[in-house]
Amino acid sequence: MSLLPEPRYPSVPELVASAQALAAQEPGLCALRQVGLSRAGRPLHLLSVGHARRAVLVVAGAHANEPAGGSTLRALARRVLAERELRAGTSWHFLLCADPDGAALHVTPAPRSLLDYHLGFYRPTGAEQPEWSPSVLPPDRLPPETRALTGVIDELRPYLQVTLHGTDLGGSWVQLTKDVPGLAEPFAKSAAQLHIPVETGASDAAGWPASGPGVHVMPGPETGVAYPSMPDDARNSTWYHAHRYGGLTAVVEVPMWASDLVDDPAPHPAPAAAMRQLAQRLLRDAREVERVLAEALPRLDGADGPLLRAARWALGLIPGLAEDWTHTPPAGTTMAYVGSVDAFGRRLPLRAAAMLLRVLRETDDRAAPRLERLVAAWSEAFGERFRARWVPLDHQVEHQSRTVLLAAQQAREQAER
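Keep in mind it's a predicted model, so treat the numbers as computed, not measured. (Residues numbered from 1 in each chain as written. Predicted model: local features only at pLDDT ≥ 70, side-chain atom pairs only at ≥ 80, totals over all residues. Heavy atoms only, no water.)

## A look at helix 2 (residues 68-82)
Argument step 1. With 15 residues, helix 2 extends 21 Å between its outermost C-alpha atoms, agreeing within 8% with the 21 Å of an ideal straight helix rising 1.5 Å per residue.
Argument step 2. Buried within helix 2 are the following residues: Ala-68, Gly-69, Gly-70, Ser-71, Thr-72, Leu-73, Leu-76, Ala-77, Val-80 and Leu-81. (Helix = DSSP H or I, 4+ residues; strand = E, 2+ residues; numbered from the N terminus. Expected span 1.5 Å × (residues − 1). Buried < 20%, exposed > 50% of the residue type's maximum accessible area, 1.4 Å probe, protein only.)

Structure representation (structure tokens):
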């Protein structure tokens, strides 16, 4: 598996320093301000460029383990400042990191391999994720990061919110809360130019209509979900908050490692049988992690930190998801879709094991070596199965940036019709 060259993904303090430099460089055009505090008291910063009432909001860092967004946000802010035509009639607003607490816990800014990435892995529970918490918590229990994000949306009323996400291994795709006609073709062209596969059967968008390869439109509330057991529903996330003001949200995903297996539109010969096999493996892998957890838990002395909470939360999703895959008709029947589900099924227990391993290493627990071997073996198998190849960071940033600018242009033209 290829190594990661410099430059590395920027940390939140580095993003803040870059934003401060831009604001100092062009004080008449740029402003940096604090819009909230995290649960741990870390500031949430918003960089604004331009003064037009028509607004685009770009959000990075909603998921701690998806670091490309920070790099893209920084590149976009510089580009918007440098290119006057991008500011014509539009102001741009950049939330530097929606979850600074999570970013402080995910500690692999320059992963050299999937193993290296997982050894520093952290992704919080659904209730602790800024964008997803409204789908699992009542309004009076939302975390401050979520309230800060929705407060910014209420203030700006953006015609477009773009949230920058990423995947560890796979391809690029876009999720839209409303269709943006004309986006799919240039999106696919950009991906091809940069040798990034388009994930045509993303399990994250299972069962959703597509306006083009890799561009998925979220279904309305009357439509069922592909995985009924999953507690979070995108239609209840902060992605829909912009609809209150006539706007929409685009979620732009870009991979760290690419796999051409997720871009295969050919029909799978037996998708239902494959899904059942993937469900069996998912349960088997989860049981391996659960055995280690059960053995070590009495020695953890009642610990309930974010890493352990997140590991247990991920394990808790698995039985229901395996049931969905076993008894629900497949939401897709292509090789790409089954491949995406295969990756999802490898991801969940691997992430749980990686976060539990960090807990056990911190306490020097005797079960740590066993889990180290498991994380190493699963990381290697994941990469080999999907023939993973590193996507250069500048390609990740360029493709994500292009997609944001395309979405802004197309959504604005649509709104003006």
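So, next bit.
## Quick notes on the domain arrangement of the protein
Argument step 1. Segmentation of the protein into domains returns domain 1 (12-260 + 390-416) and domain 2 (271-386).
Argument step 2. Spacing between the C-alpha centres of domain 1 and domain 2 amounts to 26 Å.
Argument step 3. Taken together, the 35 residues of domain 1 in the interface contact 31 residues of domain 2.
Argument step 4. Carbon and sulfur atoms supply 62% of the area buried between domain 1 and domain 2, which totals about 2,700 Å² over both sides.
Argument step 5. When residues of domain 1 are sorted by the area they lose upon contact with domain 2, His-118, Phe-121 and Tyr-227 head the list and together hold 20% of the total.
Argument step 6. We note a salt bridge from Arg-351 to Asp-168, for which the minimum N-O separation is 3.5 Å.
Argument step 7. Our count for the contact surface shared by domain 1 and domain 2 stands at 15 residue pairs in polar contact (both at pLDDT 80 or more).
Argument step 8. When residues in the side of domain 1 that touches domain 2 are grouped by element, the largest group, five residues, is from helix 4 (residues 114-119).
Argument step 9. For the side of domain 1 that touches domain 2, a count of residues per class yields 18 nonpolar, 13 polar and four charged. (Domains from an automatic or database assignment. Contact = heavy atoms within 4.5 Å. Buried area = accessible area lost by both parts, 1.4 Å probe. Salt bridge = Lys/Arg side-chain N within 4 Å of Asp/Glu carboxyl O. Polar contact = N/O pair within 3.5 Å; in protein donor to acceptor, adjacent residues only side chain to side chain. Nonpolar A, V, L, I, M, F, W, Y, C, P; charged D, E, K, R; others polar.)

## Points about the side chain of Glu-253
Argument step 1. Mapping Glu-253 onto the fold places it in strand 9 (residues 248-258).
Argument step 2. This buried residue, Glu-253, is left without a salt bridge; Arg-123 holds the nearest opposite charge, at 7.2 Å. (Lys, Arg positive; Asp, Glu negative; His and termini not counted.)

## Quick notes on the packing of aromatic side chains
Argument step 1. Counted according to the given criterion, the structure contains eight aromatic pairs.
Argument step 2. For the pair Tyr-117 and Phe-121, a centre-to-centre distance of 5.8 Å together with 70 degrees between the ring planes defines the contact as edge-to-face. Per residue, the accessibility class of Tyr-117 equals that of Phe-121, and both read buried.
Argument step 3. When the ring of Tyr-227 is compared with that of Trp-325, the centres are 6.4 Å apart and the planes differ by 70 degrees; the resulting orientation is edge-to-face. Of this pair, Tyr-227 sits in the loop between strand 8 (215-217) and strand 9 while Trp-325 sits in helix 8 (residues 306-327), and the two are 98 residues apart along the sequence. (Phe/Tyr/Trp six-rings, centres within 6.5 Å; stacked < 30°, edge-to-face > 60°.)

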